[in-house]
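# Remarks on the overall topology
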Amino acid sequence: MKNQLTYFLRKFPLFGLFLLIIGLQSLEAQQKVTGTVTDETGAPLPGASIVVQGTTNGTQTDFDGLYTLNDVEGNATLLFSYVGFNSLDVPVNNQTTLNVVLKEDAAKLDEVVVVGYGTQKKSAITGSVVKIDAKDLTKVSVANTTELIGGRVAGVITKQTSGVPGDDATTLNIRGFGTPLVLVDGMEMSLDRIDPNEIESINVLKDASAAIYGARAGNGVILVTTKRGRVGKPVISYSGITSFQQPTTWRNSVNGGQFVEMQNEGGAASYTPEEIALYKAEAPGYESYDWERAVFRSWAPMNQHNLSVRGGSEAVRFFTSLGTLKQDGQFKSGDLNYSRINVRSNVDAKINESLSFGIDISYRRDKTSEPGADLATVYNSITVSEPILPPFIPGYPELAANSGGGFNNRTATGNASRELSGFIDKNNEVLTGRIQLNYEFPFLKGLSAKGVINYNSQTRQTKDLDKRIIVYEYDRETQEPVAVGARNTNDLNEELYQFKSFYPSISLNFDREYGNHSVKGLL
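No experiment lies behind these values; they were computed from the predicted model shown.

Per the secondary structure count, the protein chain includes 10 helices and 28 strands. In the protein chain, which comprises 523 residues, the proportion classed as buried is 37%. Looking at the protein chain alone, contacts between residues at least 24 apart form 63% of all its contacts between residues at least 6 apart. When the accessible surface of the protein chain is totalled, it reaches about 29400 Å², and 54% of it is carbon and sulfur.

Have a look at this one:
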């Protein structure tokens, strides 16, 4: 081969020169770009993002603001971005070193964020606070609100270990320190099941900015502020979303012919050459079956609806919301699903020039319906299923079919059915209330007192029914089902959990501006 290539290049020297020029151009087109990213004072910006525009090729700066980006074309454009700073597009122009200075976004510095027991402008904060606005929370359809934080806040690590309806919460971790404290309108509660349409903003407090909450803020604090009324005519808003979920991937299983061959090779069975040929040809009575496709469907719908009214006058402002969610699971039986209803009403009233009060009420009810066997049991039955056994008994769909795998009591399709395996029903109800009274002292401008009473009531009821399952196989000769085993026993368990809490608090606040200066205090 080498001699032939040498002969060809000697015969056509111009072609060799052409290849050399192309190679040199290719080497010249791809280059390495290095540099630093700093702010206007020269301080390095660690974690700044650098991406080749129009591609997925990118990197981040290190602790000293240094970066190295490989495989960059000479005519490419680099996009530099950093939280709280204006993004910048910089043409490469065949340069190998690009030092960039990013300017702070003045609009974001004047943005008001929730910190501790009050609000401040970002420009006055020395700690790390990140705000997520309402418009960013309703761009995607999710069943669990914790999923909305993933990828939106630097330093927040999210992990979702399950996609089962009703059990798909995402764990949150700020800078690797553990689960943060979550407060919704000042009340500690879970973020999982709040309707995103009710949320005005989410503020993530890191490091010293969360210190006001004491030892419990060691892992950071997430402050959720719900929507409130505005002065003006009532505005009715409706949001409806229908989305579909699908499995991330499907298993690649052997067919019936491959299975019986492997059984013979492993000494687990003794199929004749004639039987193997019939399984390979999938002759009548010798078909191949995919148990995973028999249990799971390709798409599962999820429907979300929300109707809200917002408005008010100078004296009274209100926000009322009603939201529903219906999430179906991947089982073809339809016996794995989750539903939720969220109701919220926030009312603010001004009694006189000095006294005002607010009352918030929220109610949530959700229900999870599952088969008697959990998902792990179902999937274990699928992984050992034999592709030569039918997932459903021909002519007897109400019977549990044996999935094999060396056991006569495994049935993937039977485990995924509430009618055959039983059921697990989980009903949760959460009622929260908040009454707030504010008084502004007339003798000293900026001085005010606030009293708050929080109430939280939770009820969780679980009903678990296990059924005894008789497992059958189909006899090709008699064309009748034959019982080959059984699993489980008839068993019923019911649990009831109730929790109620009552938290009062009183605070004294001072907030006043003197020219270009401001003084704030909280007691």
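Read from one edge of the open sheet, three strands run β4-β1-β7, paired in mixed fashion. For this open sheet the edge positions go to β4 (66-73) and β7 (100-101), each flanked by a neighbour on one side alone. With six bridges joining them, strand β1 (residues 30-38) and β4 adopt antiparallel strand pairing. For G35, the partnering residue across the bridge sits in β4 and is Y67.

Considering all chains together, one arrives at eight aromatic pairs under this definition. Arranged with centres 5.2 Å apart and planes meeting at 90 degrees, the rings of Y439 and F441 form a pair that is edge-to-face. Judged by its relative accessible area of 33%, Y439 is partly exposed. You can call F441 partly exposed: its relative accessible area is 22%. Members of the aromatic cluster, joined through ring pairs, are Y271, Y279 and Y286. Note that R293 overlies the ring of W250, its terminal NZ or CZ placed 3.8 Å from the centroid.

This part is about the pairing of strand β23 (residues 422-440). Bridge analysis of strand β21 (residues 355-371) against β23 gives 17 bridges, and the strand direction is antiparallel. Residue pairing for β23: K367 is matched across the bridge by N427. Bridge analysis of β23 against strand β24 (residues 447-466) gives 19 bridges, and the strand direction is antiparallel. Within β24, the residue paired with Y439 across the bridge is A449.

Our next topic: the side chain of Q31. Position of Q31 relative to the elements: it lies in strand β1. Q31 has contacts with L69, N70, D71, V72, G74, V92, N94, Q95 and T96, leaving out every residue within four places of it along the chain.

Here helix α5 (residues 256-266) crosses helix α6 (residues 273-281) at 150 degrees, and the two axes come no closer than 7 Å. The angle between α5 and α6 places the two elements in the roughly antiparallel class. Judged by residue contacts, G256, G257, V260, E261 and N264 of α5 engage I276, Y279 and K280 from α6.

What follows is about unusual backbone geometry. Its identity is not glycine, yet D71 carries a phi of approximately 55 degrees, on the positive side. What makes D71 exposed here is its relative accessible area of 55%. Phi angles above zero are rare outside glycine, and N93 is one such case at about 50 degrees. Following the sequence through the fold, N93 ends up in the loop between β6 (88-91) and β7.

Our focus in this paragraph is helix α8 (residues 375-383). Listed as buried for α8 are V378, S381 and I382. Seen along its axis, α8 keeps its buried residues to an arc of 100 degrees; they face one direction. The secondary structure elements touched by the buried residues of α8 are α7 (291-295) and α9 (412-415).

A few words now on the side chain of N337. In this structure, N337 sits in strand β20 (residues 337-350). A polar side-chain atom of N337 sits 3.3 Å from the main-chain carbonyl oxygen of G334. In this view, N337 contacts P165, K326, Q327, D328, G329, K367, T368 and S369; residues no more than four positions away in its chain are not counted.

Turning next to the nonpolar core. Within the largest apolar cluster, 20 residues are counted, with the highest numbers of intra-cluster contacts made by V260, V295, F331, V378, I382 and I388. Mapped by element, the contributors of at least two residues to this core are α5, α6, α7 and α8. If sequence neighbours within four positions are ignored, V295 has contacts with Q330, F331, K332, V378, I382, A412, T413 and A416. In terms of nonpolar packing, the next biggest core, distinct from the first, is built from 19 residues, I174, V184, L191 and V204 among them.

Moving on: the sheet that holds strand β18 (residues 300-312). Taken in spatial order, the nine strands of this open sheet run β17-β18-β19-β20-β21-β23-β24-β27-β28, and their pairing is antiparallel. Two strands bound the open sheet, and with one partner strand each, they are β17 (232-245) and β28 (517-522). Pairs of neighbouring strands in the sheet enclose a mean axial angle of 10 degrees, with direction left out of account. Pairing analysis gives 13 bridges linking strand β19 (residues 316-328) to β20, with the strands arranged antiparallel. Across the sheet, residue K326 finds its bridge partner in β20, namely S339.

Within the secondary structure layout, L223 lies in strand β16 (residues 221-226). Classification of L223 by relative accessible area gives buried; the value is 4%.

Turning next to the pattern of salt bridges. For the structure on display, the rule yields 14 salt bridges. E353 is the partner of K350 in a salt bridge, and the nearest nitrogen-oxygen pair spans 3.9 Å. Residues E370 and K426 are paired through a salt bridge, measuring 3.7 Å at the closest nitrogen-oxygen approach. With E370 in strand β21 and K426 in strand β23, this pair connects stretches of sequence that are 56 residues apart. Overall, the relative accessible area of 12% leaves E370 in the buried class. One continuous salt-bridge network, built from bridges that share partners, spans R228, D348, D360 and R434.

Low-pLDDT stretches of the model should not have their predicted coordinates read in fine detail. Residues with a pLDDT of 70 or more make up 90% of the protein chain, whose mean pLDDT is 85. Throughout residues 14-28 the model reports pLDDT below 50, and contacts reaching past four residues in sequence, or to other chains, amount to two contacts.

For P196, the location among the structural elements is in the loop between β14 (187-188) and β15 (199-205). Overall, the relative accessible area of 8% leaves P196 in the buried class. Ignoring anything within four residues of it in the chain, the contact list for P196 reads L137, T138, T145 and L148.

This paragraph deals with the pairing of β24. Counting the residues in the hairpin turn of β23 and β24 gives six residues, including G446, whose phi is positive at 95 degrees. Relative to strand β27 (residues 491-514), β24 runs antiparallel, the two being bridged by 20 bridges. Bridge pairing in β27 places N456 opposite S501.

Reading the values: rules and limits
Residues numbered from 1 in each chain as written. Predicted model: local features only at pLDDT ≥ 70, side-chain atom pairs only at ≥ 80, totals over all residues. Heavy atoms only, no water. Helix = DSSP H or I, 4+ residues; strand = E, 2+ residues; numbered from the N terminus. Buried < 20%, exposed > 50% of the residue type's maximum accessible area, 1.4 Å probe, protein only. Contact = heavy atoms within 4.5 Å. Areas by Shrake-Rupley, 256 points an atom, 1.4 Å probe, with all protein chains shown as cover. Pairing = 2+ DSSP bridges. Phe/Tyr/Trp six-rings, centres within 6.5 Å; stacked < 30°, edge-to-face > 60°. Lys NZ or Arg CZ within 6 Å of the ring centre and 35° of its normal. Axes fitted to C-alpha atoms, helices over the stretch in contact; angles between N-to-C directions. Parallel < 35°, antiparallel > 145°, perpendicular 65-115°, else oblique. Arc of directions from axis to C-beta. Polar contact = N/O pair within 3.5 Å; in protein donor to acceptor, adjacent residues only side chain to side chain. Core = buried A, V, L, I, M, F, W, Y, C linked by side-chain atoms within 4.5 Å. Salt bridge = Lys/Arg side-chain N within 4 Å of Asp/Glu carboxyl O. pLDDT = per-residue confidence, 0-100.

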